[in-house]
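# Fold and contact review
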There are 2 protein chains.
Amino acid sequence: VVNELTKLPTVGEKTALRLAYHMLTRGKKDAASLASAISEALSRLTLCQECFYFAEEHLCEVCSDPSRDTRTLCVVEKPADVLVLERSSTFTGLYHVLHGLWSPLRGVRPEHMTLDPLLSRVRRLKQETAPLREIILATSTTVEGDATALFLAQELEGLGIELSRLAQGLPKGGELEYADEVTLAHALQGRRGF
Amino acid sequence: VVNELTKLPTVGEKTALRLAYHMLTRGKKDAASLASAISEALSRLTLCQECFYFAEEHLCEVCSDPSRDTRTLCVVEKPADVLVLERSSTFTGLYHVLHGLWSPLRGVRPEHMTLDPLLSRVRRLKQETAPLREIILATSTTVEGDATALFLAQELEGLGIELSRLAQGLPKGGELEYADEVTLAHALQGRRGF
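Analysis parameters
- Per chain, residue numbering runs from 1 following the sequence as it is written.
- Whichever chain is written first becomes A and whichever ligand is written first becomes 1, with later ones labelled in order.
- Local features in this predicted model are restricted to residues whose pLDDT is 70 or higher, and side-chain atom pairs enter the listing and the counts only when it is 80 or higher, whereas totals over whole chains, interfaces and linings include all residues.
- Note: side-chain values were computed over all heavy atoms of the structure, leaving out hydrogens and water.
- Strands are runs of DSSP state E lasting at least two residues, helices are runs of H or I lasting at least four, and both sets are numbered from the N terminus onward.
- Only C-alpha atoms enter the radius of gyration, while the globule expectation follows 2.2 Å times N to the 0.38, with N the number of residues.
- Here the term buried applies to any residue with accessible area under 20% of the maximum for its type, exposed to any over 50%, and partly exposed to those in between, with areas from a 1.4 Å probe on protein chains only.
- Pairs of residues are marked as contacts when any of their non-hydrogen atoms sit within 4.5 Å.
- Every accessible area reported is derived by Shrake-Rupley at a probe size of 1.4 Å, with residue values counting cover from the shown protein chains alone.
- Here's the idea: put two parts together, see how much 1.4 Å probe accessible area each one loses, and the total over both is what we call buried area.
- The term salt bridge refers to a pairing of a side-chain nitrogen on Lys or Arg with a carboxyl oxygen on Asp or Glu at a separation within 4 Å.
- Pairs of N or O atoms are called polar contacts if they sit within 3.5 Å, as long as, within protein, a hydrogen donor faces a hydrogen acceptor (for residues adjacent in sequence, only side-chain-to-side-chain pairs).
- Any residue that is not Ala, Val, Leu, Ile, Met, Phe, Trp, Tyr, Cys, Pro, Asp, Glu, Lys or Arg is counted as polar, Gly included; the first ten are nonpolar and the last four charged.
- Pairing between strands requires that DSSP locate at least two bridges from one strand to the other.
- The superposition of copies rests on a least-squares fit of C-alpha positions from residues with pLDDT of 70 or more in both.
- Within a predicted model, pLDDT stands for the predictor's per-residue confidence, ranging from 0 to 100.
- Residues with no salt bridge and a relative accessible area higher than 30% make up the patches, which join like charges within 9 Å and nonpolar side chains (Val, Leu, Ile, Met, Phe, Trp, Tyr) within 5 Å.
- Between N-to-C directions, angles span 0 to 180 degrees; the directions come from axes that are lines fitted to C-alpha atoms, helices contributing only their stretch in contact.
- For classification purposes, an angle smaller than 35 degrees is called roughly parallel, one larger than 145 roughly antiparallel, one from 65 to 115 roughly perpendicular, and anything else oblique.
- Less than a right angle of anticlockwise turn of the near helix away from the far helix marks a crossing as left-handed, whereas a clockwise turn marks it as right-handed.

On to the overall build of chain A. The secondary structure content of chain A amounts to seven helices and seven strands. Sequence-ordered secondary structure for chain A, helices as α and strands as β, is α-α-α-β-β-β-α-β-α-β-α-β-α-β. For chain A, the C-alpha radius of gyration of 21 Å lies well beyond 16 Å, the compact-globule estimate for 194 residues. When its C-alpha atoms are laid out on the principal axes, chain A stretches across 60 × 50 × 40 Å. In chain A, buried positions account for 44% of the 194 residues. A separation of at least 24 residues holds for 49% of the contacts in chain A among residues at least 6 apart in sequence. Total accessible area computed for chain A in this model is approximately 11100 Å², and 55% of it derives from carbon and sulfur atoms.

The following block contains the structure:
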């Protein structure tokens, strides 16, 4: 058990020992529930055939929801990003999960991302009653995230769809004094009318 | 010496002891230079009569530089903010240091900020050959920073000058997964065309 637990991110050997000890002494019942919950999730969870987010059926919760706005598509790197965006509850459109970023240095090429399905989906979404108008390239503001957004922008060019990128600037509660120079430069350049 | 050192931010008793020990043994010469540097800075440093940033003469380095753009004024909370903005080298306009934020809860009222000098300076800057066109309310994105910006916006209303606020969004190198919900909401709302 300790061996397997240490394979989880942020779990070292000490934590693993403590967790395993708890599971096999006082927490026996919970440990059994945990084991079956993991097995069940693994057997039921697949990827949405439309957007590649986690799903239990053919379509995920977002894609099967008819109230979602089909005019905006938000392209993200990984399923966890969909989760945090949904939690911020400001986005009502659809998602597309790339399952990777373009990273020549690490040998990750466009073929490893869900790029072809994205392109054909975009063409399909343009035929909807509320046709696709904007694609938000919501990859992280890291080097690989920026490179991927640039790459996608080239691929999606000429389809007559607006492309946008998440705003860069000060985070909530951010003090100027502690902001890095690049972030400050973005915050200044992207300033908005009051 | 230890007593005085612990009054500095981020210096605890252990650090103070270590610093003091170094100063009074191997670092005697440097310690003497440090002492005289502090005394000299204290005696020479005043506040700029225009913008209230640190200055050694009547005017600070920014205000006495004729190449600065008099059409944009960036209002910040404290001198350190001018320093970080200058280091990001994207801003070529003038500054105004408030020396405080409006904080009713902590009893800090508008009179404690350099508000009156700001208002009269704005009126003067409108008469320049390159007249003032935009004021960037660059206070932090904290509750007090936002409240101060709102308050200033009311005071500066009706002068025919554009008011703006720094962009809020993902910091540089920011991963979606680790961003808080409010920041993500701002990043989405403030998204920019590619």
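So, on to the interface of chain B and chain A. Taken together, the contacts link 53 residues of chain B with 53 residues of chain A. Taking both partners together, chain B and chain A bury about 4700 Å²; carbon and sulfur atoms supply 63% of that area. Of the charged contacts, one joins E134(A) and R191(B) as a salt bridge, the two residues approaching to 2.5 Å between their closest N and O atoms. For the pair chain B and chain A, the interface holds 24 residue pairs in polar contact (both at pLDDT 80 or more). Looking at the side of chain B that touches chain A, the elements with two or more residues in it are β3 (72-76), α4 (79-87), β5 (134-137), α6 (143-155), β6 (162-165), α7 (181-189) and β7 (192-193) of chain B. Within the side of chain B that touches chain A, the residues separate by chemical class into 23 nonpolar, 17 polar and 13 charged. By the bridge criterion, two bridges tie strand β6 (residues 162-165) of chain A to β7(B) in an arrangement that is antiparallel. Considered in β7(B), the bridge of S164(A) is made with G193(B).

When chain B is brought onto chain A, the operation consists of a screw motion whose angular component is 180 degrees and whose axial shift is 0.1 Å, with 0.1 Å RMSD remaining. The transformation relating the two chain copies, once decomposed into turn and shift, fits a two-fold axis. The position closest to the rotation axis in chain B is occupied by the C-alpha of G169(B), lying 2.2 Å away. Most of the interface of chain B is mirrored in chain A, where 100% of its interface residues again form contacts.

Scored by pLDDT, chain A has a mean of 91; 100% of the residues are at 70 or more. The complex model carries a pTM of 0.78, and its ipTM stands at 0.77.

Moving on, we get to the sheet that holds β5(B). Taken in spatial order, the five strands of this open sheet run β7(A)-β6(B)-β5(B)-β3(B)-β4(B), and their pairing is mixed. For this open sheet the edge positions go to β7 (192-193) of chain A together with β4 (94-97) of chain B, each flanked by a neighbour on one side alone. Of the pairings in the sheet, the one linking β3(B) to β4(B) comprises four bridges and is parallel in character. When the bridges of β4(B) are listed, V76(B) appears paired with V97(B).

Looking at where T72(B) falls in the secondary structure, it is placed in strand β3. Under the relative-accessibility criterion, T72(B) is labelled buried at 11%. At 3.5 Å, the side chain of T72(B) and the side chain of D69(B) are in polar contact. If we ignore the near neighbours within four places in the chain, the residues touching T72(B) are R191(A), F91(B), G93(B), L94(B), L132(B), E134(B) and I136(B).

A cluster of nonpolar side chains, namely L34(A), I38(A) and L42(A), defines an oily patch on the protein surface of about 300 Å² accessible area. As for its position among the elements, L42(A) is in helix α3 (residues 28-44).

Take the packing of helix α5 (residues 115-125) of chain B against α6(B) next. Residues and elements named next belong to chain B. Between α5 and α6, the least distance of the axes is 12 Å, while the angle of their chain directions is 45 degrees. With respect to each other, α5 and α6 are oriented oblique. In this structure, the crossing between α5 and α6 has a hand that is right-handed. From α5, L115, L118 and L119 reach across to α6, where they touch F151, L152 and E155. Here the residues of the contact of α5 with α6 are counted per class, giving five nonpolar, no polar and one charged.

Another point: the pattern of salt bridges. Residue and element names in this part refer to chain B. In the structure shown here, the tally under the stated rule is 29 salt bridges over all chains. Here R121 ties to E50 by a salt bridge, and the two come within 3.1 Å at their closest N and O atoms. With a gap of 71 residues between them, R121 in helix α5 and E50 in the loop between β1 (46-47) and β2 (54-55) connect regions that are remote in the sequence. Residue R121 is classed as buried on the basis of its relative accessible area, which comes to 1%.

Residue and element names in this part refer to chain A. Looking at the element boundaries, H96 is found in strand β4 (residues 94-97). Within the structure, the side chain of H96 is placed 3.5 Å from the side chain of R121, a separation counted as a polar contact. Not counting residues within four places of it along the chain, the set of residues in contact with H96 comprises E50, C51, F52, L73, C74, V75, V76, T114, P117, L118 and R121.

Moving on to the sheet that holds β7(B). Overall, mixed pairing links the five strands, which are arranged β4(A)-β3(A)-β5(A)-β6(A)-β7(B) in an open sheet. Either end of the sheet is taken by a strand with one partner, and the two such strands are β4 of chain A together with β7 of chain B. On the sheet, helix α5 (residues 115-125) of chain A packs against β3 (72-76), β4 and β5 (134-137) of chain A and is oriented at approximately 160 degrees with respect to β4(A).

Before going further, it helps to examine unusual backbone geometry. Glycine aside, residues mostly have negative phi angles, and peptide bonds mostly take the trans form. Residue and element names in this part refer to chain B. Of note in the backbone geometry, F52 takes a positive phi value of approximately 70 degrees without being a glycine. Backbone geometry places S89, a non-glycine residue, at a positive phi of 40 degrees. In this structure, S89 sits in the loop between α4 and β4.

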